[in-house]
Amino acid sequence: MNITTRRQFLRQLGLSAAALPFLPSLPSLAGTVSESPPQRIIFMFTPNGTIPEDFWPDETGADFKLKRILSPLEPFKNRMITLKGVCNKIGGDGDGHMRGISCLLTADQLLPGNIQGGGNKPAGWAGNISIDQEIKNFLQANAATSTRFGSLELGVAVPNRADPWTREAYAGPNQPLAPISDPYALFDKLYGNQKNLENLGSILDDVRDDLKWISAKVDPKEREMLDQHATFVREMEQDLQRSDTQQLMFPAPVLEQGVVLDNDGIPKISAMQIDLLVNAFANGMARVATLQYTNSVGQARMRWLDINDDHHHLSHEPDNNEEAREKLVKINTWLCQQLSDLARKLDAIPEPGGSGTMLDHTTIVWTNELGKGNSHSLDNLPFVMVGGGLGFKGGQALSFDNVPHNRLWMSVAHAFGHPISTFGRQEFCANGPLSLS
Amino acid sequence: MGLESMRNPCAFFLISLICLQALQAEDGLSIYAKQCASCHGDHGQGVADECEDPLQGTRSLESLARYIERRMPEDDPELVIGDDARQVAAYIYEAFYSVDSQSASKPAAEPAFARLTNRQFRESVADLINSFYKQPQMAEGTGLRAKYFESDGMNKKARQGMERVDQKLDFDFGEGAPADGINPEQFSVAWEGSLNAPETGWYEFRMSTPNGARFYLNGDKQNGDSNSRDDSGAKRQTALIDEWVSSGTEVRTSSARIFLLGGRGYPIRLDYFKYKEPRGMVKVEWKPPHSEWELLGVPYLSPADSKRTFVVNTSFPPDDASEGYERGTGISKAWHEATTLAAIEAADEVVSRIGLLTGVKADAPDRVEKLKGFIATFAERAFRRPLDDDARQRYIDHAFAGDVTADQAIKRAVIMILKSPRFLYPELTSEKDDYTIASRLALALWDSIPDEKLRNAAKEGKLRDVAEVRRQTERMAADPRAIAKVEAFFAGWLKLDAEDELQKDPQKFPGFDAAVASDLRRSLQLFVDHVITSETSDYRELIHADYLMLNARLAHYYGVPAPDGDGFHPVKMEAGQRSGILTHPYLLSRLAHEDSTSPIHRGVFLTRNVLGGVLKPPPKAISFEDHPFTPGMSMREKVTEITRSSSCMTCHERINPLGFSLENFDATGRFRTEEDGRPIDQVADFITSSGDTVELKGPEDVANLVLQSPEARMGFIEQLLRYTLKQNPDVYGNRSVDRLEDDFTQSGDNIRKLFMEICAVGALDRIPDLKQAAN
């Protein structure tokens, strides 16, 4: 980045020139950005299927209208694709919910195991790497595209329990990856002890005060050690001041403290996780992420929408239960709003070292375990893509004729310049990647 | 001078010494002034660029005289020989050389001002947070409580089929059911109780099963937890190892590590279920510090409940151990950073468990006031005394001031309290009162902070009563933390804490593998434990016990019949072959090379650690490997040759005979009578510090030497005192060790009583207005 664009960039960020000294490492960090702009991908998961009539546009092609559930995406209509007709055909052991999440990104059958669901045979973990990890490994293998973490696995209210209903990302067969559902823990992972260290500054001040006060009252021999102690305290304070100005191109987000990590905290947790994800991407920490809302069979009670029933229970109600249906539309619209917030926040940040915004270089794929809740159908999964990370043509409602979702993940891999000839179960890879451009 | 005169009859020498003392002293002084003072100083204090070390030591007068005769002055040893040598030796000995002359001339030393040692920091923080939990009752017995259920569906515990106590976590149910009446297709088991960690350090655990299992350690058991339904008993906890989901019939093994403090019980739980897989099995193994993998079982499992203990994970730079014991007399930047990170860790623990610790509900109207009260109590316990107004203002009001949430205020307050000099320097205040005594007792006995009983005694002003201090000491010494501390002392004394692996040449010692090495260490640990916790706690048993603690593997390697039953049991050894720690094969192996014995290592250890001797560093480094020995020489001959020069012999005349007397034990501590086909010559003459020559024919003679040597006993007492109090004995007056030795003898050499007495001596030092017990 040359100095002109750097100033411009800072202006866009709303930082004045006075802020410059606090971003000393900006040039060197920008220097590591490769010539070609980065590509990023986020897989967002929500559970229990959708209400197809209120989800899929009636039209196909460029001229389409967004239905109620997708209405929060209106601002991004010309940068999004809906993909009807893509189906999870994997089959095998395990109930529909288990296969719905654990075969979603892995596109292969579950291994035999001891977990018994609501039907079918018991099963275990997925038998394949998930597509996000496949892409992560591909990017990490190249110095120009590798990042500190490669990928981040985020959760919102994912239960503290590891089984095939709660895991979508797999590092390989039998290797589930646990999403981090605690924003404070994620913060620590991303920024280390920085926050603690910030608080420490003022604590050290007080410690030094007390040392001084006590030191005045003790023997000279003891004072010597206490004075030495005070020196270390002062040095640490100085180190902290220096580290305040360190490496990060974007300062860490300020998280609301004391948010309780329970059902009612979900709206706040969601916002915090989105902020952390966007910030981590902006700081070049990773280029791949999964963002998982609850789990398959997710049972969130969205009381903030005045809905007291749990999501999974509602999703079982028959089509003619209008009240349940209306609630499910509200739930899915709220989830779509989270997707929209994520897109908006990515769009608000100019691409570091490149042109356009971060959303222009990031694709968000909205996935679901089921097509429709009350039929447990794995057909017509409600796939939506937002953003320009993969170079697919935006502003279209696509319709496919009952194609396996393996082919969609092949398209994604190919878009990253990773031309795999199959992904997951081979029999579903015939005819290669779906054409999305 | 030949062997004859070295064996001068001692009685004659002493009589003549007494008769001639006045005359000799005068003559000795003038000889000293003429021949010695230019290098050693007028009063033996040393001279820069000549002989800088003060002329002090533990040699006997006889040994000193012989040394002068042969070696001094260095440039011409012939100048001071015969009577002159004896006279100058007598002068030096009386004037400044001997321990008695040193202590007689010195007032009691000032205690060293010290911070908490790393061990004290960890123990104190653990007990500080623990002190807010209600501690469960201790329970008798060993093993874990187990409940076996037939399941409904996958793992819903439906019908209890069996309840029992299991002694180790190793189960192979095969294709069958664990008990009659349980469907072999689908059942589940929950094991619960405590894990007693034998020592402080990193523990590794690994669990293997083809079924579903979760292993929990040191979690919080909360109200409403139970094991009556699937694994809901632990749903709020994070499993240390989670293998809930099976994968075909494959046995999956996964592991995790955790840092634990020794001498404490930790809540442990294993949840297991089998569902339609052909085979049922589960086992949990562990790898305690310095040990090899083994099945997790008794004696480390107890059916008792226990509470989570917060353990600081931050690694600390090592404490100063330059004087042979860890002490907090220095600070460094790295230490300051470590204590800071540890304080943050502890603050996170407190914040995340604030409800459990305080019982204050999140929506209580007076929450802030109650939390302030909690922090005030937390500070009082950390500072080991009531808060003055200044401290209250600094540590509580200030932390809660301003626009902060309760969580932030608590975090801030906890970090400040643990960073405070009031916590980190226990003897900070100039007031020496009941609280000082309580603080010292807790540090001496537990390396920790006072418990409730001790706090109350201090508050009620009872602790200036010496009798009450002894009562408290006795009470506290029975606590597992006190036993853990004494064991930690022995771990250092007997090199149980050596970091490097104990390995031997597999060609020469087939069968001596990592498992044997690990068992050997455990064997010595258990022996020490067995002796110190027994009724008599007898130091003499440590030195001359004729048995070893052996399990089947060790019995096999050492060629004795295996003891009955699992685990370690005392096995009586052949008469005259073994003598307590002196011939414990762990030490004999540690103090040996990979492929051969090392009489020097064994001799140095016995001299320094067991006989209370002081050795200076060797004047020159000699590499054993490169020395051109004549082929076929015995180890004894090699050592004799390589240490023959007089500068070596000043120390090796004591080291070598001790080492030679143990030549009947090979590099792995097995008894032998031959070395490479030649008979072992283990008989050696040893000159005691009182000048007697003792013929050592083997370990029994060494044991008798140790038990009859006042220096050995004093040395032991001094080492235990230093470790316990983190101070030198001269802080407590120049007769303190003598007095302790008298008590020790009267108690029948009872180690635990000695430890208690040391703790009391430390606690009562320099406290004004003590109420002495009426004699």
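The numbers attached to residues start from 1 for each chain and follow its sequence in the written order. Written order decides the labels, with chains lettered from A and ligands numbered from 1. Where totals are concerned, whole chains, interfaces and linings use all residues; where local detail is concerned, this predicted model gives features only for residues with pLDDT of at least 70, and gives and counts side-chain atom pairs only at 80 or more.

**Structural notes on the overall build of chain B**
When helices and strands are counted, chain B shows 28 helices and 18 strands. For this measure, only C-alpha atoms enter the radius of gyration; the expected value for a globule follows 2.2 Å times N^0.38, where N is the number of residues. Here the C-alpha radius of gyration of chain B, 30 Å, is about what a compact globule of 775 residues would show, namely 28 Å. In terms of overall dimensions, chain B has C-alpha extents of about 95 × 70 × 50 Å along its principal axes. Put simply, 72% of the contacts in chain B that link residues at least 6 apart link residues at least 24 apart. Going along the chain from the N terminus, every DSSP run of H or I of four or more residues is numbered as a helix, and every run of E of two or more is numbered as a strand. Here, residue contact means that the backbone-derived C-beta atoms of the two residues sit within 7 Å.

**Description of the overall build of chain A**
Scanning chain A from N- to C-terminus turns up eleven helices and nine strands. Remark: C-beta atoms are placed from the backbone, and a residue is labelled buried if 20 or more other C-beta atoms sit within 10 Å of its own, exposed if 12 or fewer do, or partly exposed between those counts. Buried residues in chain A amount to 48% of all 437 residues. Within chain A, residue pairs in contact and separated by at least 24 positions form 68% of the contacts whose partners lie at least 6 positions apart.

**Observations concerning the packing of helix H4 (residues 61-71) of chain B against helix H5 (residues 82-97) of chain B**
All names here are of chain B. Structural elements are reduced to axes, namely lines fitted to C-alpha atoms, with helices fitted over the stretch in contact, and the angle between N-to-C directions of any two is expressed from 0 to 180 degrees. Two numbers describe how H4 lies on H5: the axes approach to 8 Å, and their chain directions differ by 130°. When the axis of H4 is compared with that of H5, the two are oblique. Pair H4 / H5 crosses with right-handed handedness. Between H4 and H5, the residues in contact are Leu61, Leu64, Ala65, Ile68 and Glu69 and Ala85, Arg86, Val88, Ala89, Ala90, Ile92, Tyr93 and Tyr97, respectively. Polar here means any residue other than Ala, Val, Leu, Ile, Met, Phe, Trp, Tyr, Cys and Pro, which are nonpolar, and Asp, Glu, Lys and Arg, which are charged; Gly is therefore polar. Each residue belonging to the contact of H4 with H5 can be placed in one class, and the counts come to eleven nonpolar, no polar and two charged. Angular relationships are summarised with four words: roughly parallel below 35 degrees, roughly antiparallel beyond 145, roughly perpendicular across 65 to 115, and oblique for the angles in between. Two helices cross in a left-handed way if the nearer one is turned anticlockwise from the farther one by less than a right angle. They cross in a right-handed way if the turn is clockwise.

**A closer look at the interface of chain A and chain B**
Contacts between chain A and chain B engage 37 residues on the former and 34 residues on the latter. Listing elements by their share of the side of chain A that touches chain B, those giving two or more residues are strand S3 (110-115), strand S4 (123-126), helix H6 (194-215) and helix H7 (220-244) of chain A. Class assignment of the residues belonging to the side of chain A that touches chain B gives a composition of 17 nonpolar, 13 polar and seven charged.

**A word on the sheet that holds strand S1 (residues 40-46) of chain A**
All names here are of chain A. Strands qualify as paired when DSSP identifies two bridges or more between them. Spatially, S5-S6-S1-S7-S8-S2-S9 is the arrangement adopted by the seven strands of the open sheet, whose pairing is mixed. Across the chains shown, the open sheet's two edge strands, defined by having one partner strand only, are strand S5 (150-156) and strand S9 (396-404). Strand-to-strand twist across the sheet, computed as the mean angle between neighbouring axes with direction ignored, equals 15°. Where S5 and strand S6 (residues 286-293) come together, seven bridges link them in parallel fashion. Paired with Val156 across the bridge in S6 is Tyr293.

**Quick word on the environment of Phe187 of chain B**
All names here are of chain B. Inspection of the secondary structure puts Phe187 in strand S4 (residues 186-197). Considering only alpha carbons, one finds Phe187 and Asp389, 202 residues apart in sequence, at a separation of 61 Å. The contact partners of Phe187, leaving out residues within four places of it in the chain, are Tyr148, Phe149, Glu150, Ser151, Ala177, Pro178, Ile182 and Lys274.

**Things to note about unusual backbone geometry**
The omega angle of the peptide bond from Val298 of chain B to Pro299 of chain B is 10°, so this bond is cis rather than trans. One can find Pro299 of chain B in the loop between strand S11 (294-295) and strand S12 (301-302). Of note in this structure, Val297 of chain A is not a glycine but carries a positive phi near 65°. Looking at the secondary structure, you find Val297 of chain A in the loop between S6 and helix H9 (311-315). Phi at Arg766 of chain B takes a positive value of approximately 55°, unusual for a residue other than glycine.

**Concerning the nonpolar core**
The nonpolar side chains of soluble globular proteins are, as a tendency, buried together. Counting residues in each nonpolar core, the largest one holds 186 residues, and the members touching the most others are Val125, Phe215, Ala346, Ala413, Val414, Ile417 and Leu441 of chain B. Excluding residues that lie within four positions of it along the chain, Val125 of chain B makes contacts with Phe310, Val312, Ala342, Ala346 and Leu418 of chain B. Joined through C-beta atoms within 7 Å, a set of buried Ala, Val, Leu, Ile, Met, Phe, Trp, Tyr and Cys residues constitutes a nonpolar core. Formed by 102 residues, the second largest nonpolar core is a distinct cluster that contains Ile131, Val158, Val297 and Leu339 of chain A.

**Some details on helix H8 (residues 266-282) of chain A**
In an α-helix there are 3.6 residues to a turn, and that puts residues three or four apart on one side. Residue and element names in this part refer to chain A. Here H8 contains 17 residues, and its C-alpha end-to-end distance of 24 Å stays within 8% of the 24 Å for a straight helix at 1.5 Å per residue. In terms of residue burial, H8 counts as a mostly covered element, since 13 of its 17 residues are buried. Residue Gly284 follows H8 closely and has a positive phi angle near 70°. For a helix, the expected span equals 1.5 Å multiplied by the residue count minus one.

**Description of the pairing of strand S5 (residues 201-209) of chain B**
Residue and element names in this part refer to chain B. The sheet contact formed by S5 and strand S8 (residues 252-260) spans nine bridges and is antiparallel. Counted as the bridge partner of Arg206 is Ser255 from S8. Of the strand pairs in this sheet, S5 and strand S10 (residues 280-287) are connected by five bridges, and their pairing is antiparallel. Residue pairing across strands places Phe205 opposite Trp286, the latter belonging to S10.

**Concerning the domain arrangement of chain A**
By convention, interface size is frequently given as the accessible area that disappears when the constituent parts associate. Residue and element names in this part refer to chain A. Looking at the assigned domains, one finds that chain A contains domain 1 (1-30), domain 2 (41-91 + 128-157 + 261-286 + 299-418) and domain 3 (183-260). Annotation comment: domain bounds sourced from an automatic or database domain assignment. Using only C-alpha atoms to locate each centre, domain 2 and domain 3 end up separated by 41 Å. Each partner contributes to the interface: domain 2 provides 16 residues, whereas domain 3 provides 13 residues. Tallying contributions element by element places H8 first for the side of domain 2 that touches domain 3, with nine residues. Residues belonging to the side of domain 2 that touches domain 3 are distributed by class as follows: nine nonpolar, four polar and three charged.

**A look at the environment of Gly161 of chain B**
Residue and element names in this part refer to chain B. One can find Gly161 in strand S2 (residues 156-166). Taking the C-beta count within 10 Å as the criterion, Gly161 has 18 such neighbours and is therefore assigned partly exposed. Residues Gly161 and Pro317, spaced 156 residues apart in sequence, show a C-alpha to C-alpha distance of 52 Å. Those residues within four positions of Gly161 in sequence are excluded, and the remaining contacts are Tyr148, Phe149, Glu150, Ala179, Gly181 and Ile182.

**Some thoughts on the confidence of the model for chain A**
Predicted coordinates in areas of low pLDDT are best not read in detail. pLDDT measures how confident the predictor is about each residue, on a scale from 0 to 100. The share of residues in chain A with pLDDT of 70 or more is 89%, and the mean pLDDT across the chain is 88. Note on residues 1-34 of chain A: pLDDT under 50 across the span, and 21 contacts to partners over four residues away in sequence or across chains.

**Some remarks on the packing of helix H17 (residues 480-493) of chain B against helix H18 (residues 514-533) of chain B**
Packed helix pairs are characterised by how far apart their axes lie and by the angle those axes make with each other. Residue and element names in this part refer to chain B. Relative to each other, H17 and H18 sit at 130°, their axes nearing to 11 Å. What the angle tells us is that H17 and H18 run oblique. Between H17 and H18 the crossing geometry is right-handed. Every residue of H18 that contacts H17 at Ile483, Val486, Glu487 and Phe490 is listed here: Val528, Asp529, Ile532 and Thr533. Broken down by class, the residue content of the contact of H17 with H18 amounts to five nonpolar, one polar and two charged.

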